[in-house]
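These are the residues of each chain, in order.
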Amino acid sequence: MTGAVQFPLGLAELSFVASGNSLVRRSVLPSGVRIVSEKVPGARSATIGYWVAVGSRDELPETYGSTHFLEHLLFKGTTTRSALEIAVSFDAVGGEHNAATAKEYTCYYAKVQDRDLPMAVEVIADMLASSLIDPVEFETEREVILEELAMADDDPADVANERLFESVFGDHPLGRPIGGTVDTISAVGREAVWSHYQQNYRAQDLVVTVAGAVDHDELVAGVELALRAAGWDLEAEGVPVERRTATVEPFDRGSPLTVVQRPIEQANVLLGVPGLAAADPRRSTLAVLNAVFGGGMSSRLFQEIREKRGLAYSVYSFSPSFSDTGIFGIYAGCSPAKLQQVTELALNELSLLATGGVTEDEMRRAVGQLSGGSALALEDSDTRMSRLGRAEITLGEFQDLDESLRRLALVTAADVQDLAVELAARPLSIAAVGTIDEAILAGFVKD
């Protein structure tokens, strides 16, 4: 293929050969269900994902945390299978199955041998389409989720990450924690979660992606059969839900500085500014910038803060993206006595990137790191399956490895510096957890 392949919602059938001679096929059923597969030569296993384009940002105030709650509940039994039978289906064949809730989607997935793919198609369809949301299981799982939240609250890096999103996005839905809070999970009722289920788990919301050893025609037939058996009406005409708009809606920053005092050995600090949306044409530039700045052991952050000065064990940058915006952030864990110096150095490195740019050697190293990492990641059918889901739900286009490498090769040192200038000028938010003198960090942020 040459260039990215568009995924129009109104196009019923599409097929093309991607890099490595994998065959990508896409079908939009009359009911609105979208099915995308990538047949990989020589594969003996497959990874399947059932995606629903609803995440924590889509919840109403009275249902905060219900998307993640629902993800748990769909494993607890259907009209034809108990929770144990669902688990046994995959354990008995050595398969893996799980689910993930994100800010913009929920995915139920499994990895199995090729011969067991029909089973995975059927079981996950049953989970998704005919879950009981049993009242007794609901209350049991409420306690499980509260324990999960408690576990996350014991991890200072997780706590700092949640506080950073709140600081950067303020009252915007992206600023809310994916799993809800102790208060919201304790308060949400079964009827609210059931309503959330009924409103968002429909044929027009569903995307099924499979990568590895897969026959597309058999996959389509199997998905249709399984969804009908689970009670969905696929005869009615449906139109796939529109993708989220890529237009950035203005949002106000929350508190520029959030400090959570904890009696722990390290200070966990996160520095962040608004980043780029998933479909921003500068995403390849941002990937190169992130690699140079804090994406590996040869990056500026790692070399300056850990290797040269020994101030931290873990230090890196990151750049998650969403349909309409993103975050560019820096993480470091250090002793409280070193917090000011580490923060100064991290911000100084970003300033140096903006004022001095990058060297040609850094550019070659970053593009090589990203190119090699992308190629190695695609050895795993999980990555390929997720790439299909992202293409269908968020981007509206498919980029194979060759196209990704082509875009990386087009990034220039000037592009990276221009973006660094832009990011360095954006309002900074800081979140920190530990035994911290708040005044140390207050001087780095402006109201």
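Quick caveat, the model's predicted, so the values are computed rather than measured.

> Now, about the overall build of the protein: what can you tell me, with residues and values included?
From N to C terminus, the protein includes 16 helices and 14 strands. Against the globule reference of 22 Å for 447 residues, the protein gives a C-alpha radius of gyration of 23 Å, in line with a compact fold. Across its three principal axes, the protein shows a C-alpha extent of roughly 60 × 50 × 40 Å. Put simply, 78% of the contacts in the protein that link residues at least 6 apart link residues at least 24 apart. Surface accessibility of the protein: about 19200 Å² in total, with carbon and sulfur atoms responsible for 52%. Averaging the locations of the 37 positively and 65 negatively charged side chains of the protein gives two centres separated by 5 Å.

> Could you give me a rundown of helix 12 (residues 360-377), with the residues and numbers involved?
Helical geometry note: an α-helix holds 3.6 residues per turn, so side chains three or four residues apart project in the same direction. Relative to the 26 Å expected for 18 residues at 1.5 Å per residue, helix 12 spans 26 Å between its end C-alpha atoms, a close match to the ideal helical length. Those residues of helix 12 not exposed but buried are Glu 362, Met 363, Ala 366, Val 367 and Ser 371. One face of helix 12 carries all of its buried residues, which in axial projection span an arc of 155°. Of the exposed residues in helix 12, those oriented more than 90 degrees away from the buried face are Arg 364 and Leu 376. Its buried side turned inward, helix 12 meets helix 9 (283-294), helix 10 (300-307), helix 14 (401-410) and helix 15 (413-425).

> Lay out the side chain of Arg 57 in plain terms, naming residues and giving numbers.
Inspection of the secondary structure assignment puts Arg 57 in the loop between strand 5 (45-52) and helix 1 (66-73). What makes Arg 57 buried here is its relative accessible area of 15%. One polar contact links Arg 57 to Asp 324, side chain to side chain, over a distance of 3.1 Å.

> Explain unusual backbone geometry to me, using residue names and the numbers behind them.
Positive phi is not limited to glycine here, since Asn 21 has a value of about 65°. Mapped onto the elements of the fold, Asn 21 is located in the loop between strand 2 (13-18) and strand 3 (22-28).

> Mind laying out the nonpolar core, listing which residues take part and the relevant values?
Core analysis: the biggest nonpolar cluster contains 51 residues, and Ile 48, Tyr 50, Tyr 108, Tyr 201 and Leu 227 have the highest contact counts within it. Sorting elements by how many residues they give to this core places helix 3 (residues 117-129) first, with nine residues. Setting aside residues no more than four positions away along its own chain, Tyr 201 makes contact with Val 52, Val 54, Leu 70, Leu 74, Thr 106, Tyr 108, Leu 128 and Trp 232. Counting 46 residues, the second-largest nonpolar core is a separate cluster that includes Leu 286, Val 292, Met 363 and Leu 428.

> An account of the packing of aromatic side chains is needed here, citing residue identities and associated values.
The full count for this structure, using the stated rule, is 14 aromatic pairs. Their ring planes at 55° and their centres at 5.5 Å tell us that Phe 16 and Phe 398 sit as a pair that is tilted. In this pair, Phe 16 sits in strand 2 while Phe 398 sits in strand 13 (residues 397-398), placing the two residues 382 residues apart along the sequence. Note on accessibility: Phe 16 and Phe 398 belong to one class, buried. Ring pairing ties together the aromatic residues Phe 75, Tyr 108, Trp 194, Tyr 197 and Tyr 201, which thus form one cluster.

> Report on the packing of helix 1 against helix 4 (residues 135-153), specifying residues and quantitative values.
Direction vectors running N to C along helix 1 and helix 4 enclose 120°, while the axes themselves pass 10 Å from each other. Where helix 1 crosses over helix 4, the two elements pack in a sense that is right-handed. Across the interface between the two elements, His 68, Phe 69, His 72 and Leu 73 from helix 1 touch Glu 137, Phe 138, Glu 141, Arg 142, Val 144, Ile 145 and Glu 148 from helix 4. In terms of residue class, the contact of helix 1 with helix 4 is made up of five nonpolar, two polar and four charged.

> Give a detailed account of the sheet that holds strand 9 (residues 257-261), specifying residues and quantitative values.
For sheets, the rule is that strands pair by backbone hydrogen bonds, running either parallel or antiparallel. Strands sit in the order 9-14-10-12-11 across an open sheet of five strands; the sheet is mixed. Looking at the sheet topology across the chains shown, the edges are occupied by strand 9 and strand 11 (314-318). The average angle at which neighbouring strand axes cross in this sheet is 10°, direction not considered. Note: strand 11 against strand 12 (residues 327-334), five bridges, orientation antiparallel.

> Outline helix 1, listing residues and values.
Helix 1 sits mainly inside the fold: eight of its eight residues count as buried. Within the sequence span of helix 1, burial applies to Ser 66, Thr 67, His 68, Phe 69, Leu 70, Glu 71, His 72 and Leu 73.

> So, the environment of Val 220: which residues are in play, and what are the values?
In this structure, Val 220 sits in helix 8 (residues 216-229). With near-sequence residues (within four places) excluded, Val 220 lies in contact with Ser 27, Leu 29 and Ile 35.

> Summarise the sheet that holds strand 5; cite the residues concerned and give the values.
Within the open sheet, the seven strands sit side by side as 2-3-4-8-5-7-6. Their pairing is mixed. The open sheet has two edge strands with one neighbour each: strand 2 and strand 6 (96-101). Direction aside, the axes of adjacent strands within the sheet are offset by 10° on average. Both strand 5 and strand 7 (residues 106-113) contribute to a ladder of eight bridges, which runs antiparallel. When the bridges of strand 7 are listed, Gly 49 appears paired with Tyr 109. Packed on one face of the sheet, helix 2 (residues 83-91) meets strand 6 and strand 7 and runs near 120° to strand 6.

What counts as what
- Residues numbered from 1 in each chain as written.
- Predicted model: local features only at pLDDT ≥ 70, side-chain atom pairs only at ≥ 80, totals over all residues.
- Heavy atoms only, no water.
- Helix = DSSP H or I, 4+ residues; strand = E, 2+ residues; numbered from the N terminus.
- Rg over C-alpha atoms; globule rule 2.2 N^0.38 Å.
- Contact = heavy atoms within 4.5 Å.
- Areas by Shrake-Rupley, 256 points an atom, 1.4 Å probe, with all protein chains shown as cover.
- Lys, Arg positive; Asp, Glu negative; His and termini not counted.
- Charge placed at Lys NZ, Arg CZ, Asp CG, Glu CD.
- Expected span 1.5 Å × (residues − 1).
- Buried < 20%, exposed > 50% of the residue type's maximum accessible area, 1.4 Å probe, protein only.
- Arc of directions from axis to C-beta.
- Polar contact = N/O pair within 3.5 Å; in protein donor to acceptor, adjacent residues only side chain to side chain.
- Core = buried A, V, L, I, M, F, W, Y, C linked by side-chain atoms within 4.5 Å.
- Phe/Tyr/Trp six-rings, centres within 6.5 Å; stacked < 30°, edge-to-face > 60°.
- Axes fitted to C-alpha atoms, helices over the stretch in contact; angles between N-to-C directions.
- Left-handed = near helix turned anticlockwise from the far one by under 90°.
- Nonpolar A, V, L, I, M, F, W, Y, C, P; charged D, E, K, R; others polar.
- Pairing = 2+ DSSP bridges.

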